[in-house]
Amino acid sequence: LMTLAKRIGKVGVAVGNAFGFVGNRMYHRYTWQAYFLLQEGALPSDVDAAMQDFGFPLGCLAVGDISGLDVAWQVRKAQRAAGDLDPDALYPVVADRICEKGWFGRKTGRGWYDYADGKPAPDAISADEIRERCLFALINEGARLLGTGVAVRPGDIDVVWRYGYGFPVWRGGPMFMADEIGLADVLATLERLETAHGPAFSPAPLIIERAAAGKTTLAD
């Protein structure tokens, strides 16, 4: 085989028979560290750029998008089934979650990067979505507390958030925001977020009841 490799213009290396041989075995460790960095808050573009600055033609996340993220996913599942992974060791959950969404890379139009126009672009969450999800979580939970009597008045909740948690004074507070937006729109937004992100955004009963009654605010 070494002779054949030379004959066809390839560089052959003789290694022992083991899982992943040499290259893939090491690449496995390399890519898992990239996944752990993502779990710690790094962006895919940060990880790949750092390795390209070092001299690699592509970062391993971009390479994964090209080869198909489902390939490595199947390997991880096979390793788990065979008992080859230490159950107490850190595991790259983020890589499995990407695949569970059907984001396998270029062939599906989305992986670690977005390929909407055919070119890799950072698949970042917009500031608008971040604000919407965080603020509507506040509004919804506040309405839930009002509905169960834990808080007596919407203004009490706003005071807690303005004085205790740094909510911008000029914005009034989460309950004041809900009244400004209008309960019908608050309910519609929560329903949309629930569809996209699950039961964490299930509308509080108080919001449903008052919106159904044509009320625009959380209190009369």
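As a further point, take the overall build of the protein. The secondary structure content of the protein amounts to 11 helices and two strands. The secondary structure elements of the protein, listed N-terminal to C-terminal, are α-α-α-α-α-α-β-β-α-α-α-α-α. Taking 2.2 N^0.38 as the reference for a compact globule, 220 residues should give roughly 17 Å; the C-alpha atoms of the protein span a radius of gyration of 25 Å, well beyond that estimate. Taken over the C-alpha atoms alone, the protein extends approximately 85 × 35 × 30 Å along its principal axes. Here the protein holds 220 residues, and 32% of them are scored as buried. Here the contacts in the protein between residues at least 6 apart in sequence split such that 55% fall between residues at least 24 apart. When the accessible surface of the protein is split by element, carbon and sulfur atoms take 59% of a total near 14000 Å². Charged side chains in the protein number 23 positive and 27 negative. The centres of these two groups are separated by 8 Å.

Here Phe-21, not a glycine, exhibits a phi torsion of approximately 50°, which is positive. One can find Phe-21 in the loop between helix H1 (2-7) and helix H2 (23-39).

Glancing now at the state of the cysteines. Under the defined criterion, the tally for this structure stands at zero disulfides. Between Cys-60, a free cysteine, and Cys-99, which holds the nearest cysteine sulfur, the sulfur-to-sulfur gap is 14 Å. Taking the relative accessible area as the measure of exposure, Cys-60 reaches 5% and is therefore buried.

Turning to the pattern of salt bridges, a few remarks are in order. Any two side chains of opposite charge can pair, given that their charged atoms come close. Summed over all chains, the structure comprises 12 salt bridges. One salt bridge in this structure joins Arg-131 and Asp-128, with 2.7 Å as the shortest N-O distance. One end of the pair is Arg-131 and the other is Asp-128, both in helix H7 (residues 127-147) and three residues apart, which spans about a single turn. The partner of Arg-133 in a salt bridge is Glu-129, and the shortest N-O contact between them spans 3.0 Å. Of this pair, Arg-133 and Glu-129 are both found in helix H7, four residues apart, which corresponds to roughly one turn of the helix. Judged by its relative accessible area of 27%, Glu-129 is partly exposed. One salt-bridge network, held together by shared partners, links Arg-76, Arg-80 and Asp-96.

Let us look at the packing of aromatic side chains. The description of an aromatic ring pair uses the distance of the two centres, along with the angle that the planes make with each other. Under the definition given, this model contains eight aromatic pairs. Residues Tyr-30 and Phe-56 carry aromatic rings whose centres are separated by 5.7 Å and whose planes lie at 25° to one another, so their mutual orientation is stacked. A residue pair is termed long-range when its members are at least 10 positions apart, and Tyr-30 in helix H2 and Phe-56 in the loop between helix H3 (44-54) and helix H4 (60-67) qualify at 26 residues. Residue classification places Tyr-30 among the partly exposed positions, given a relative accessible area of 22%. One aromatic cluster in this structure is built from Tyr-27, Tyr-30, Phe-54 and Phe-56. Residue placement shows Arg-110 over the ring face of Trp-103; its charged tip is 3.8 Å from the ring centre.

So, about the environment of Asp-46. Following the sequence through the fold, Asp-46 ends up in helix H3. Of the residues examined, Asp-46 reaches a relative accessible area of 43% and is grouped as partly exposed. Sequence separation between Asp-46 and Gly-59 is 13 residues, and the spatial gap between their C-alpha atoms is 9.5 Å.

Before going further, it helps to examine the nonpolar core. One finds Ile-139, Leu-146, Met-175, Val-186, Leu-190, Ile-207 and Leu-218 to be the most contacted residues of the largest nonpolar core, which totals 21 residues. When residues of this core are traced back to their parent elements, those giving at least two are H7, helix H9 (174-181), helix H10 (183-197) and helix H11 (205-212). Ranked by residues supplied to this core, first place goes to H10 with five residues. Not counting residues up to four positions away in its chain, the partners in contact with Val-186 are Phe-136, Ile-139, Ala-178, Ile-181 and Ile-207. Grouped together as the second largest cluster of nonpolar side chains are 20 residues, Tyr-35, Trp-73, Tyr-91 and Cys-99 included.

Rules of the game
Residues numbered from 1 in each chain as written. Predicted model: local features only at pLDDT ≥ 70, side-chain atom pairs only at ≥ 80, totals over all residues. Heavy atoms only, no water. Helix = DSSP H or I, 4+ residues; strand = E, 2+ residues; numbered from the N terminus. Rg over C-alpha atoms; globule rule 2.2 N^0.38 Å. Buried < 20%, exposed > 50% of the residue type's maximum accessible area, 1.4 Å probe, protein only. Contact = heavy atoms within 4.5 Å. Areas by Shrake-Rupley, 256 points an atom, 1.4 Å probe, with all protein chains shown as cover. Lys, Arg positive; Asp, Glu negative; His and termini not counted. Charge placed at Lys NZ, Arg CZ, Asp CG, Glu CD. Disulfide = S-S within 2.5 Å. Salt bridge = Lys/Arg side-chain N within 4 Å of Asp/Glu carboxyl O. Phe/Tyr/Trp six-rings, centres within 6.5 Å; stacked < 30°, edge-to-face > 60°. Lys NZ or Arg CZ within 6 Å of the ring centre and 35° of its normal. Core = buried A, V, L, I, M, F, W, Y, C linked by side-chain atoms within 4.5 Å.

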